[in-house]
Amino acid sequence: MSSSDSDSTSDDDFVIEVLHVLPRPRFFRDRSNPFTEYDDIDFKQRFRLSKTMLIELLDMVQDHLCQNIQHNMSFSPILQLLITLRYYATGAFQAVLGDHIRIHKSTVCHIIKQVSTCIASLKPNYIQMPKTEADRKIVYENFYKMRQFPKVIGAIDCTHIRIQSPNKNIGERFRNRKGYFSINVQAVCNSNLQFTNIVARWPGSVHDSTIFDNSLLRAQLENNEFGGAVLVGDGGYACRNYMMTPLSNPTTEAEVQYQKAQIGTRNVIERTFGVWKRRFPVLSVGIRTQIPTTLVTIIATAVLHNMLIKSNDPLPVDETLSIYDLREQVPVFLVPQTGNIKRRTLIDTVFS
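- In the nomenclature of an unreviewed UniProt entry, the protein chain corresponds to DDE Tnp4 domain-containing protein from the organism Macrosiphum euphorbiae.
- Under the Subcellular location (unreviewed entry) heading, UniProt states for the protein chain: "Nucleus".
- Note on the protein chain: under the UniProt heading Cofactor (unreviewed entry), the record states "a divalent metal cation".

1. Remarks on the pairing of strand S2 (residues 182-189)
Along any regular strand, the residues point their side chains to alternate faces of the sheet.
Now for step 1: The element S2 is extensively covered by neighbouring structure, given that eight of its eight residues are classed as buried.
Now for step 2: The two faces of S2 match: Ser 182, Asn 184, Gln 186 and Val 188 on one face and Ile 183, Val 185, Ala 187 and Cys 189 on the other face are all buried.
Now for step 3: Bridging between strand S1 (residues 152-162) and S2 involves eight bridges; their strand directions are antiparallel. Across the sheet, Cys 158 pairs through a bridge with Gln 186, a residue of S2.
Now for step 4: Relative to strand S3 (residues 195-203), S2 runs antiparallel, the two being bridged by six bridges. Within S3, the position partnered with Ile 183 by the bridge is Pro 203.
Now for step 5: Where S2 folds back onto S3 in an antiparallel hairpin, the turn is made up of five residues, including Leu 193, whose phi is positive at roughly 70 degrees.

2. Let's talk about the confidence of the model for the protein chain
Now for step 1: For the protein chain, the average pLDDT comes to 83, and 78% of its residues sit at 70 or higher.
Now for step 2: In this model residues 24-30 is a low-confidence stretch, pLDDT under 50, and it forms seven contacts with partners more than four residues away in sequence or in other chains.
Now for step 3: Predicted confidence for residues 319-334 stays below pLDDT 50, and this span has 35 contacts to residues more than four positions away or in other chains.

3. What about the packing of aromatic side chains?
Now for step 1: Within this structure, the stated rule accounts for eleven aromatic pairs.
Now for step 2: With a centroid separation of 6.3 Å and 90 degrees between ring planes, the pair formed by Tyr 88 and Phe 280 is classed as edge-to-face. Taken together, the residues span a long stretch of sequence, with Tyr 88 in helix H5 (residues 77-90) and Phe 280 in the loop between helix H12 (253-279) and helix H13 (282-285) at a distance of 192 residues.

About the criteria used
Residues numbered from 1 in each chain as written. Predicted model: local features only at pLDDT ≥ 70, side-chain atom pairs only at ≥ 80, totals over all residues. Heavy atoms only, no water. UniProt positions renumbered as here; feature names shortened; annotations may be inferred. Buried < 20%, exposed > 50% of the residue type's maximum accessible area, 1.4 Å probe, protein only. Helix = DSSP H or I, 4+ residues; strand = E, 2+ residues; numbered from the N terminus. Pairing = 2+ DSSP bridges. pLDDT = per-residue confidence, 0-100. Contact = heavy atoms within 4.5 Å. Phe/Tyr/Trp six-rings, centres within 6.5 Å; stacked < 30°, edge-to-face > 60°.

Here is the structure:
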């Protein structure tokens, strides 16, 4: 072999080695436009929001989303929003969503985080306790119409949102009593199935009462900021002047009537959780993102849920037929029940 042939071969090998370490060229693929591809019914089925509501939401978040477009101007705010809503509606892997809309899974993950953060930032506008006495009076009246339980400002409970296993250093903190990893989410709702307070930051191993005891809501109730109003909760909470819980063993007719009214009023939070999770199945099948993204996803879906309730969006199929057994007894949390006197007075004066 001549020296010239040898030099040529060496040059070829060098070029091949360089090509191996160079980044791959970016490949832009055609993307479908679901907003124009589907009619109103199919669109809402796939994205949970109507086209009209999507435009309203887009107006609220698009400025911030435009600021986050850095390297690829083809990701318009509406495309980012559609990707995220589809994730909420399916809980699918990011790779699957990326294949559907023809973008890489890492980009899908980034978009979901950014859009969820934007929607979650709307929380003060859509999730809040009634501030004025006039607002509280409306809430009282609506709850009273349900089971004649007086001065109820909200029903409270916790629900577990399944997540992927966190890293080994903190993973067991997120394993709940049923054995899977979760975020234990505390929420309060009104009689219209709207969230009025939500706390989504505690690992699944933490007890419901611990979350409440460390919440701002408890401090507000302790300071009587809601004018003597009460929450209704299950036996996992201690009975307090502002927290009415079920009796452990009702015997008299008045106690039985109280029990029925308390459980019937409280069950609205269970129904709210059911509607919320049916609207956004990602909450049921499990959220497979990093913990910070998971937390903002939970809040974002709660904001969207309230937006849908406010717009009188029809409830998901079967939720309107939910029936609760009011005779079911719930275990009572064994701690000092400082509200026993108020509960007894309520039983003797209202339900006797």
